[in-house]
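Chain and residue survey
So you can see what is in the structure, the chains are spelled out below.
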Amino acid sequence: MRVTKHEHATLTLETGGETLIVDPGNFTTPLLDLERVIGIVITHEHPDHWTPDHLSRILTAFPEIPIFGPDGVKQAATDFSITAVHPGDVIEVGPFSLEFFGGTHAVIHESVPVIDNVGVLVNDEFYYPGDSYAVPGDKKVRLLAAPVGAPWLKIGEAMDFVLAVAPRRAFATHDWTLSVIGKQMGSARLKWAAEQNGGEFITLEPLDSAEV
């Protein structure tokens, strides 16, 4: 399976010639040259993780593909057909097995309502938590997309998340709110955390890929 990082929090996963899109949000340029898209996962309703324009563009090219998200996404994206998913659900989409974890977005501030959020484990190999520190149980994660910058994120907590997941490899995502220096500093902390359990931290820029 090939995992490709796009700007900010958007990812594409490819295996067997088919593609899954995760979190096509408003900090991400239009996704071009997509092949055989068979599904979309949206971890939560915030616009940096999905936009109507992205969904409409993808659905024009690949009509009637399923879109999966928690109840909050279903309520926010009423112009689209969203299949609601919840922690513990396991769904098969072509060559992709999707298992969902968590349930709530990380706390930004006590004044900001907490919304639905799901992390997604794909094919028991790749894990992305959305905007949360939800750990995928005792799964042995081969590749982790670890958030590095956000209004809700404290780097020490992000490090603890990587330590808890103990992936074989990890890379930084959710990074478009950081300066170059800020991203480098955060990535260095995540690298330390990954290495404590014998893992490796890899650097992916937009359109870079990693094989799982």
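You'll find the structure just up there.
What you see is a predicted model; the values in this text were computed from it and never measured.

Concerning the overall build of the chain
Along the backbone of the chain there are 4 helices and 14 strands. A compact globule built from 212 residues would reach a C-alpha radius of gyration of about 17 Å, and the chain, at 16 Å, matches this within 12%. For the chain, the C-alpha atoms occupy an extent of roughly 45 × 45 × 35 Å along the three principal directions. The contacts in the chain between residues at least 6 apart in sequence include a share of 57% that link residues at least 24 apart. Summed over all atoms, the accessible surface of the chain reaches about 9,500 Å², with 51% contributed by carbon and sulfur. Charge separation in the chain, taken as the distance between the mean sites of 14 positive and 29 negative side-chain charges, equals 8 Å.

Things to note about the side chain of Thr4
You can see Thr4 is positioned in strand E1 (residues 2-5). Overall, the relative accessible area of 7% leaves Thr4 in the buried class. A distance of 2.6 Å separates polar atoms of two side chains, one belonging to Thr4 and the other to Ser209. With near-sequence residues (within four places) excluded, Thr4 lies in contact with Thr10, Leu11, Thr12, Glu14, Leu207, Asp208 and Ser209.

A look at the sheet that holds strand E12 (residues 169-173)
The 7 strands are arranged E7-E8-E9-E10-E11-E12-E13 in an open sheet whose pairing can be described as mixed. The two strands at the open ends of the sheet, each matched to only one other strand, are strand E7 (90-93) and strand E13 (200-201). Seen against the sheet, helix H3 (residues 155-165) touches strand E10 (126-128) and strand E11 (143-147) and runs at an angle of roughly 165° to E11.

Points about H3
Taken residue by residue, H3 has Ala158, Met159, Phe161, Val162 and Val165 as its buried positions. What you see down the axis of H3 is that its buried residues fit within an arc of 155°, all on one side. Where H3 is buried, its residues touch E10, E11 and helix H4 (180-195). Positive phi appears at Ala166, one or two residues downstream of H3, with a value of about 55°.

What about H4?
Spanning 16 residues, H4 covers 22 Å between terminal C-alpha atoms, matching the ideal 22 Å at 1.5 Å per step. Of all the residues in H4, the buried ones are Lys183, Gly186, Ser187, Leu190, Ala193 and Ala194. Summarising the axial view, the buried residues of H4 lie within an arc of 115°, below the 170-degree limit, and thus occupy one face. Seen from the buried face of H4, the exposed residues on the opposite side, beyond 90 degrees, are Ile181, Gln184 and Met185. Among the structural elements, E1, E11, H3, E12 and E13 are those in contact with the buried residues of H4.

A closer look at the pattern of salt bridges
Following the criterion strictly, the structure yields 9 salt bridges and no others. The residue Glu18 makes a salt bridge to Arg36 at a minimum N-O spacing of 3.3 Å. Highlighted residues: Glu18 in strand E3 (residues 18-22) and Arg36 in the loop between E3 and strand E4 (37-41), separated in sequence by 18 residues. Under the relative-accessibility criterion, Glu18 is labelled buried at 18%. Put simply, Lys183 and Asp175 hold a salt bridge, and the shortest N to O gap is 3.1 Å. For the pair Lys183 and Asp175, one class covers both residues: buried. One connected set of salt bridges, linked through shared partners, spans Lys5, Asp175, Lys183 and Glu205.

As for the sheet that holds E1
Ordered in space as E6-E5-E4-E3-E2-E1-E14, the 7 strands form an open sheet in which the pairing is mixed. Only two strands of the sheet have a single partner each, and these edge strands are strand E6 (82-84) and strand E14 (209-211). When strand polarity is set aside, the average angle formed by the axes of neighbouring strands in this sheet is 25°. Pairing geometry for E3 and E4, over 4 bridges, is parallel. Paired with Val22 across the strands is Val41, a residue of E4.

Rules used in this analysis
- Residues numbered from 1 in each chain as written.
- Predicted model: local features only at pLDDT ≥ 70, side-chain atom pairs only at ≥ 80, totals over all residues.
- Heavy atoms only, no water.
- Helix = DSSP H or I, 4+ residues; strand = E, 2+ residues; numbered from the N terminus.
- Rg over C-alpha atoms; globule rule 2.2 N^0.38 Å.
- Contact = heavy atoms within 4.5 Å.
- Areas by Shrake-Rupley, 256 points an atom, 1.4 Å probe, with all protein chains shown as cover.
- Lys, Arg positive; Asp, Glu negative; His and termini not counted.
- Charge placed at Lys NZ, Arg CZ, Asp CG, Glu CD.
- Buried < 20%, exposed > 50% of the residue type's maximum accessible area, 1.4 Å probe, protein only.
- Polar contact = N/O pair within 3.5 Å; in protein donor to acceptor, adjacent residues only side chain to side chain.
- Pairing = 2+ DSSP bridges.
- Axes fitted to C-alpha atoms, helices over the stretch in contact; angles between N-to-C directions.
- Arc of directions from axis to C-beta.
- Expected span 1.5 Å × (residues − 1).
- Salt bridge = Lys/Arg side-chain N within 4 Å of Asp/Glu carboxyl O.

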